[in-house]
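Residue-level structure breakdown
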Amino acid sequence: FPMQESRQIIVHKHMLLGAIWMTVEHEREVIACDFERMDLILKRNERRLVYADECNVFTIGHAMAHGVTGIEGYWDEYMKRLELLNAKIIFLDIPPETSWERRQHRYEQRLVYFPKDEHKAIMERYRDYLFKAHKVLVEVFDRLPFPKRMVDASVSKKGVFNTVYRSLMEFTLADVSE
C-alpha cells in the first residue's frame, strides 16, 4: 500500500517550491504526519498489508541537509515505531550528479516565481542541497538497525524495479523462516 510522502504533503500544503524553503516548523509538521500515519497503522494491527512510505525517518536527513537543527531528537521515536511495525528499509541510492541531471529542468521551471537576479543563487542552492542530502541520507541509512538494502537507482527503471522486488521477496522469505 503506497502512501504519499509526508514531505510532499507539507510542501504542497504551504506552497513551498522545494525542501530548501522548509523551516523547522515545516519539518516538525512532516514528522507529526509521519508519526500519525505510523500510529494509525499500528492501531489497525493489520499484518497482511505492506505499507510503502517514501521518506519517513529520512526526514531527519533531509532537514539536516538544508541546515534545519533540532530534528535529530526525533530519532528514538522513529526507531520505536519502525521496530513495532517490523520495518524493512529499501534505500534507492541515486548519486547527486544523476539526481541533479534528472531534476535540474524542474528546478528551472520554478524560477519564474523569483526575480531574475536571484536565479543563479537559487539553482546553486537546489544543487548544493542534493549533494548534502545524499551524504546525510546515506549516513541515516547506515545507522538504521533494521533489515535493509541499498539499491542503485541510477540504472534503468526496470532494473530498479527488479532489484526492489527481489529485496522485498528476500525480506518476506526471511520473515517466514523465523
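Let me begin by describing the structure that accompanies this report. Keep in mind that this is a model prediction, so the values were computed, not measured.

Looking at the packing of helix H1 (residues 6–13) against helix H2 (residues 24–44)
- Between H1 and H2, the shortest axis-to-axis distance is 9 Å and the interhelical angle comes to 135 degrees. Of the possible angle classes, the one that applies to H1 and H2 is oblique. Classified by chirality, the crossing of H2 by H1 is right-handed. Contacts between H1 and H2 involve Ser6, Arg7, Ile9, Ile10 and Lys13 from the first element and His26, Glu27, Glu29, Val30, Cys33, Asp34 and Arg37 from the second.
- A class-by-class count of the residues in the contact of H1 with H2 yields four nonpolar, two polar and six charged.

Quick word on the packing of aromatic side chains
- With the rule as written, the count across this model stands at eight aromatic pairs.
- Aromatic pair Trp21 and Phe114: ring centres 5.3 Å apart, planes at 20 degrees, arrangement stacked. In this pair, Trp21 is assigned in the loop between H1 and H2 and Phe114 in the loop between helix H5 (96–110) and helix H6 (119–143), connecting sequence segments 93 residues apart.
- A relative accessible area of 26% means that Trp21 is categorised as partly exposed.
- In textbook terms, an aromatic cluster arises when at least three aromatic residues are bridged by ring pairs, as seen for Phe35, Tyr74 and Tyr78.
- Just above the ring of Trp75 sits the side chain of Arg143; from NZ or CZ to the centre is 3.8 Å.
- Sitting above the plane of the Phe141 ring, Lys148 keeps its charged end 4.9 Å from the centroid.

Some words on unusual backbone geometry
- For Met15, which is not a glycine, the phi torsion comes out positive at approximately 55 degrees.
- Considering the arrangement of structural elements, one finds Met15 in the loop between H1 and H2.
- Owing to a relative accessible area of 72%, Met15 belongs among the exposed residues under this scheme.

Quick word on the nonpolar core
- Val57, Phe58, Tyr78, Met79, Leu82 and Leu144 are the most contacted members of the largest nonpolar core, which totals 41 residues.
- When contributions to this core are tallied by element, the ones reaching two or more residues are H1, H2, helix H3 (59–65), helix H4 (75–84), strand E3 (89–93), H5 and H6.
- If you tally residues by element for this core, the top one is H6, at 10 residues.

Considerations on the pattern of salt bridges
- Counting across every chain of the model gives 10 salt bridges.
- We note a salt bridge from Arg149 to Glu170, for which the minimum N-O separation is 2.9 Å. You can see Arg149 sitting in strand E4 (residues 148–152) and its partner Glu170 sitting in helix H7 (residues 157–177), a full 21 residues away along the chain.
- The exposure class assigned to Glu170 is partly exposed, which follows from its relative accessible area of 39%.
- Within the structure, one salt-bridge network assembled from shared partners comprises Asp39, Glu77, Lys80 and Arg81.

The rules behind each value
- Residues numbered from 1 in each chain as written.
- Predicted model: local features only at pLDDT ≥ 70, side-chain atom pairs only at ≥ 80, totals over all residues.
- Heavy atoms only, no water.
- Axes fitted to C-alpha atoms, helices over the stretch in contact; angles between N-to-C directions.
- Helix = DSSP H or I, 4+ residues; strand = E, 2+ residues; numbered from the N terminus.
- Parallel < 35°, antiparallel > 145°, perpendicular 65-115°, else oblique.
- Left-handed = near helix turned anticlockwise from the far one by under 90°.
- Contact = heavy atoms within 4.5 Å.
- Nonpolar A, V, L, I, M, F, W, Y, C, P; charged D, E, K, R; others polar.
- Phe/Tyr/Trp six-rings, centres within 6.5 Å; stacked < 30°, edge-to-face > 60°.
- Buried < 20%, exposed > 50% of the residue type's maximum accessible area, 1.4 Å probe, protein only.
- Lys NZ or Arg CZ within 6 Å of the ring centre and 35° of its normal.
- Core = buried A, V, L, I, M, F, W, Y, C linked by side-chain atoms within 4.5 Å.
- Salt bridge = Lys/Arg side-chain N within 4 Å of Asp/Glu carboxyl O.

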